[in-house]
Amino acid sequence: MRAYLAAVGGFVFLTVVLLPTLLVLPQGTTPPEPPTLASVPRLEVCVFRTATGQLVRVELEEYVLGVLGTEMPANFAMEALKAQAVAARTYACRRLRYFGGQGCERHPQADVCDDPNHCQGWLPTQALLDRWPSHEAARNLSRLAEAVAATRGLILTYRGLIIDPVYHSTCGGHTADSSSVWGRAEPYLVGVPCAWDRHSPHYRTERRFRYQELAALLGEPAVPVWASSDTTPALAADRSGRLMFLRWGDRTWSGTQLRQLLELPSTRLVWRAEEDGVVIITYGSGHGVGLCQYGADGLARAGYDFRQILQYYYQGVQVVPLFGE
Ligand SMILES: [Zn+2]
Ligand SMILES: [Zn+2]
């Protein structure tokens with residue numbers, strides 16, 4: 001149908017517009033400019049700035065650059081930066097009203113806020129430049145700009161719908177199912193093994209808690225029962241090695257509760273009871289769902305490109321241009 005209309009349109013244009021123009025154009029006059037692809041809209045993201053309470057409107061690609069500079073170290077491998085740029089762009093587009101999104105839940109007048117613990121971190125370009133050491137600033141900015149330009153307009157979809165591309169610092173060996181972290185299953189947010197984030201400074205963290213301290217943090221009045229050897233805690237982990245619950249005596253804590261109460265970097269952990277307390281060894285940092293940033297860097301250094309990286313951490317997704325080729 002569209003092809004037919006185009007053919008008819010072309011014919012009308014030729015006979016009604018072009019022919020008379022050709023006939024009446026005097027010698028030496030240049031014909032008007034051909035139509036450009038200006039039909040692609042200029043997309044703006046309305047960002048709530050947590051520090052000032054202001055709303056700012058930023059062009060989409062400029063917004064992606066400001067997220068990239070905030071959420072990932074600029075010295076990460078180029079293909080990892082590109083993967084992060086696509087994730088950041090997708091995250092914003094999923095919330096844009098233009099695409100039927102709901103905006104930021106906490107600040108409904110904005111599409112997104114700049115709080116990294118709620119939406120995505122974001123800074124204006126000048127603030128990024130000011131934050132970096134002066135001898136690195138120009139190089140950092142040009143690397144980020146290269147990653148944004150190389151992926152311009154690309155987003156992630158699953159069966160034609162824009163995905164929720166959540167990401168985290170370091171998974172610690174295996175990413176998490178969204179269902180076990182948030183109770184919400186997404187087919188593309190399933191845990192996958194990750195052997196590429198060992199170079200992360202957050203890969204392994206060891207913390208020691210005395211029983212008394214542990215009792216206070218967990219809100220338990222009694223210590224002595226716990227400390228006796230016949231009441232060792234029962235731990236259950238899911239298939240990605242993340243703590244589902246801890247049962248001790250007649251009380252139970254979920255992995256997420258324990259992570260919050262003890263301020264642990266992740267729920268991927270091993271627990272060792274000792275005479276006067278416990279040693280908790282955690283692997284990774286963050287919720288563990290979706291893209292593992294240090295893993296992406298490791299994969300990029302091993303030669304994988306941004307599409308392969310994205311399609312590994314978000315299973316079954318497609319990398320597509322926002323407005324067609
Ligand atoms: Zn938000
Ligand atoms: Zn990982």
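The structure reproduced in this document is the subject of the present report.

Describing the coordination of the zinc ion (ligand 1)
Note on the zinc ion (ligand 1): its protein donors are Cys104 (SG), Cys113 (SG), His118 (ND1) and Cys119 (SG). The metal-donor distances range over 2.1 to 2.4 Å. Read N to C, the donor residues that coordinate the zinc ion (ligand 1) are spaced as C-x8-C-x4-H-C.

Some points on the layout of surface pockets
Roughly 1200 Å³ of volume is contained in the largest pocket. Along its surface, the largest pocket is lined by 45 residues, and Asn117, His118, Val166, Trp182 and His287 are the ones closest to its centre. Counting residues per element, the ones that place at least two in the lining of the largest pocket are α2 (60-71), α3 (78-95), β6 (167-168), α6 (178-182), β9 (243-248), α9 (255-262) and α10 (293-301). Per element, the largest residue contribution to the lining of the largest pocket is four residues, and it comes from α9. Class assignment for the residues of the lining of the largest pocket results in 15 nonpolar, 21 polar and nine charged. A domain split of the lining of the largest pocket shows at least three residues from each of domain 1 (44-164 + 305-321) and domain 2 (204-283).

Focus: the environment of Glu62
Tracing the backbone shows Glu62 in helix α2. Taking the C-alpha atoms as reference, Glu62 lies 8.6 Å from Val148; in sequence the two are 86 residues apart. Excluding residues that lie within four positions of it along the chain, Glu62 makes contacts with Trp122 and Thr125.

Considering the packing of aromatic side chains
Scanning the entire structure with this criterion turns up nine aromatic pairs. Where Tyr98 meets Phe99, the ring centres are 5.0 Å apart and the plane angle is 80°; that geometry is what we call edge-to-face. Pairing Tyr158 with Tyr188 gives two aromatic rings, centres 5.7 Å apart and planes at 45°, and the pair type is tilted. Residue Tyr158 is found in strand β4 (residues 154-158), and its partner Tyr188 is found in the loop between α6 and β7 (204-210); the two are separated by 30 residues along the sequence. In this structure Tyr188 comes out as buried when scored by relative accessible area, which is 3%. Among the aromatic residues, ring-to-ring pairing joins Tyr98, Phe99 and Phe323 into one connected group. Sitting over the ring of Tyr91, Arg95 keeps its end group 3.7 Å from the ring centre.

A short note on the pattern of salt bridges
Counted under the stated rule, the structure contains 15 salt bridges. The salt bridge involving Arg97 is made with Asp111; its shortest N-O contact spans 3.4 Å. Of this pair, Arg97 sits in the loop between α3 and β3 (112-113) while Asp111 sits in the loop between α3 and β3, placing them 14 residues apart in sequence. On the basis of relative accessibility, which here comes to 41%, the residue Arg97 falls in the partly exposed class. Among the ionic pairs, Arg106 bridges to Asp115, the shortest N-O distance being 3.6 Å. On the accessibility criterion, Asp115 (18% relative accessible area) is buried. Shared partners join several salt bridges into a network, and the residues in it are Arg95, Asp164, Arg184 and Glu186.

What counts and what doesn't
- Residues numbered from 1 in each chain as written.
- Chains lettered and ligands numbered in written order.
- Predicted model: local features only at pLDDT ≥ 70, side-chain atom pairs only at ≥ 80, totals over all residues.
- Heavy atoms only, no water.
- Donors = N, O, S within 2.8 Å, 3.2 Å for Na, K, Ca; no water.
- 1 Å grid on protein atoms, 1.4 Å probe; cavity = no way out; pocket = protein on both sides within 12 Å on 5 of 7 lines; lining within 4 Å.
- Points joined across faces, edges and corners; volume = space filled by probe spheres on them.
- Helix = DSSP H or I, 4+ residues; strand = E, 2+ residues; numbered from the N terminus.
- Nonpolar A, V, L, I, M, F, W, Y, C, P; charged D, E, K, R; others polar.
- Domains from an automatic or database assignment.
- Contact = heavy atoms within 4.5 Å.
- Phe/Tyr/Trp six-rings, centres within 6.5 Å; stacked < 30°, edge-to-face > 60°.
- Buried < 20%, exposed > 50% of the residue type's maximum accessible area, 1.4 Å probe, protein only.
- Lys NZ or Arg CZ within 6 Å of the ring centre and 35° of its normal.
- Salt bridge = Lys/Arg side-chain N within 4 Å of Asp/Glu carboxyl O.

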